[in-house]
Structures are given as structure tokens and as C-alpha cells.
Amino acid sequence: LQMSMFDNRNTAALNMRELDANDLVSNIVNTFAVKVGQSGGTITTQLEADDPYICADEMHFTNVVFNLMDNAVKYRRADAPITLHVRTWNSNGKFMLSVKDNGIGMKKEHLKKIFEKFYRVSTGNVHNVKGFGLGLAYVQKIIEDLKGTIHAESELNIGTKFIIVLPLIKTD
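Conventions and cut-offs
- Residues numbered from 1 in each chain as written.
- Predicted model: local features only at pLDDT ≥ 70, side-chain atom pairs only at ≥ 80, totals over all residues.
- Heavy atoms only, no water.
- Helix = DSSP H or I, 4+ residues; strand = E, 2+ residues; numbered from the N terminus.
- Buried < 20%, exposed > 50% of the residue type's maximum accessible area, 1.4 Å probe, protein only.
- Contact = heavy atoms within 4.5 Å.
- Areas by Shrake-Rupley, 256 points an atom, 1.4 Å probe, with all protein chains shown as cover.
- Phe/Tyr/Trp six-rings, centres within 6.5 Å; stacked < 30°, edge-to-face > 60°.
- Expected span 1.5 Å × (residues − 1).
- Polar contact = N/O pair within 3.5 Å; in protein donor to acceptor, adjacent residues only side chain to side chain.
- Pairing = 2+ DSSP bridges.
- Axes fitted to C-alpha atoms, helices over the stretch in contact; angles between N-to-C directions.
- Core = buried A, V, L, I, M, F, W, Y, C linked by side-chain atoms within 4.5 Å.

Q: Quick question: what am I supposed to make of the overall build of the protein here?
A: Within the protein, the regular secondary structure consists of 4 helices and 7 strands. Taken over 172 residues, the protein has a buried fraction of 44%. Residue pairs in contact within the protein that sit at least 24 positions apart in sequence constitute 71% of those at least 6 positions apart. Working note: accessible area of the protein is about 9500 Å², and carbon and sulfur atoms make up 50% of it.

Q: Even after reading the chapter, I still don't get the packing of aromatic side chains, so can you show me in this structure?
A: Any aromatic ring pair is given by two values, namely how distant the centres are and how the planes are angled relative to each other. Tallied over the entire structure, the rule returns 2 aromatic pairs. Judged by centre distance (4.9 Å) and plane angle (85 degrees), the ring pair of Phe32 and Phe66 falls under edge-to-face. Taken together, the residues Phe32 in helix 1 (residues 21–38) and Phe66 in helix 2 (residues 58–74) connect sequence positions 34 residues apart. What makes Phe32 buried here is its relative accessible area of 1%. Exposure remark for Phe66: the relative accessible area of 33% places this residue in the partly exposed category. With centroids separated by 6.2 Å and ring planes inclined at 80 degrees, the aromatic side chains of Phe115 and Phe162 adopt a geometry described as edge-to-face.

Q: Which parts of the structure should I look at to understand helix 2?
A: Counting along an α-helix, one turn takes 3.6 residues, and residues three or four places apart therefore face a common direction. The end-to-end C-alpha distance of helix 2, which contains 17 residues, comes to 24 Å, matching closely the 24 Å that a straight helix rising 1.5 Å per residue would cover. Residues of helix 2 that are buried: His60, Phe61, Val64, Val65, Asn67, Leu68, Met69, Asp70, Asn71, Ala72 and Val73. Where helix 2 begins, one side-chain oxygen reaches toward the backbone nitrogen of Met59, 3.0 Å away; that side chain belongs to Asp57.

Q: When you look at the sheet that holds strand 5 (residues 94–101) in this model, what are you seeing that I'm missing?
A: The pairing of strands in a sheet comes from backbone hydrogen bonds and takes either a parallel or an antiparallel form. One open sheet accounts for 5 strands, arranged 2-4-5-7-6; its pairing is mixed. Bordering the open sheet on either side are strand 2 (42–47) and strand 6 (149–155), each of which pairs with just one other strand. Across the sheet, the mean angle from the axis of one strand to that of its neighbour is 15 degrees, orientation sign disregarded. As paired strands, strand 6 and strand 7 (residues 159–167) are joined by 7 bridges and run antiparallel to one another. In the strand pairing of strand 7, Thr149 is matched with Val165. In the packing of helix 2 onto the sheet, the strands contacted are strand 2, strand 4 (83–91), strand 5, strand 6 and strand 7, and the crossing angle to strand 5 comes to about 25 degrees.

Q: Sorry if this is basic, but what is going on with the nonpolar core here?
A: Looking at soluble globular proteins, one finds that nonpolar side chains tend to be buried together. Counting residues in hydrophobic clusters, the biggest one holds 41 residues, and the most contacted among them are Phe61 and Met69. Put simply, the parts of the chain that give this core at least two residues each are helix 1, strand 3 (53–57), helix 2, strand 4, strand 5, helix 4 (135–145), strand 6 and strand 7. Once you skip the residues sitting within four places of it in the chain, Met69 turns out to touch Ile28, Val29, Phe32, Ile43, Leu84, Val86 and Val99.

Q: What is the right way to look at the environment of Arg77 in this model?
A: Assignment of secondary structure puts Arg77 in the loop between helix 2 and strand 4. For the pair formed by Arg77 and Ile104, sequence separation is 27 residues and the distance between their alpha carbons is 5.2 Å. Beyond its immediate chain neighbours, meaning those up to four positions away, Arg77 contacts Asn102, Gly103, Ile104, Asn157 and Ile158. At 3.0 Å, the side chain of Arg77 and the side chain of Asp79 are in polar contact. Among the polar contacts made by the side chain of Arg77, one reaches the main-chain carbonyl oxygen of Asn157 at a distance of 3.3 Å.

Listed below in C-alpha cells is the structure:
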């Protein structure tokens, strides 16, 4: 599915409709909580967006959030249980979503490249994380197709936070 997003077309065929992003995020977190719990971790939410209505493709938006949370589990630290925090809020007339973890994090020079297709941060002699480096490129493509932005903040051995900004449905 993610590979198909990168064919010669510029935009994905999205089934756009009005979504309550708080409800969707809550459902994704509830589904994902089992996986986090199996690894001995915890997941918390702060659904603070007073206006959570966005126009998005439900399947692809779900995949985006799931992808970010799945990366948090994949790149967790061996010495600490994972803590994952998912938050929504409104700012400047936009819908905001953050996914924050206490994982292995990454250096600034890697942070600039993580949304590039096939880019994977080298983790030394650790080969326990499988993948092709397409997940975050897919995430960025979907968010851009939804007229939004995504960026990441990270600190090595502290964790990573992804912040998504999406337009709200105008109710003028």
C-alpha cells in the first residue's frame, strides 16, 4: 500500500470525507494500546482539540497515526519501558496532533532526512528493526496530500516527537 503511493502520480487517490479526528485518534490508540502493553509500556492521550473536524481519507489518516506509533515501539530503548503520548489541540485555526515517545531518538543530522524515501537511520550493529525506509515518506506524502505539514523533534537517547498540522473544515 505504501509503495503504491510513490508511483508516477503526484497525489494519492484519497477518499476524502469529514472526520472527527479526536474520535479517530482515540480508536487508533485503543487498538494500539495492546501492542504497547505487550512491550511493557504505557500510552496516554490528551484529546484537547475543541474543533477536531478535518477532511481526510480515514484509512490513510489511520495508517499515518498507526505508523508513527509503530515506529515508537520499534525504536524504543532497551533500558526503559516505552511511554507514548498522543495529543490533539487547535492552534491558529488548525488541527494539531503530536505523537511523542521516550525512544532511542536520533541526532539532528538524521532528523533532516527521515522523510526521504528509503532513508533509514543507521543504528550501529543493531539489525532488529525491519523495514525499507518508506513509512515516514508515506506519512509525509499523505499529510501533504491532506494540505497539512509534519515535522519531527528528537534528541538522542531521549525520544522523538512528531507534530502534524492539518486544516480544519471551514464552517463559515
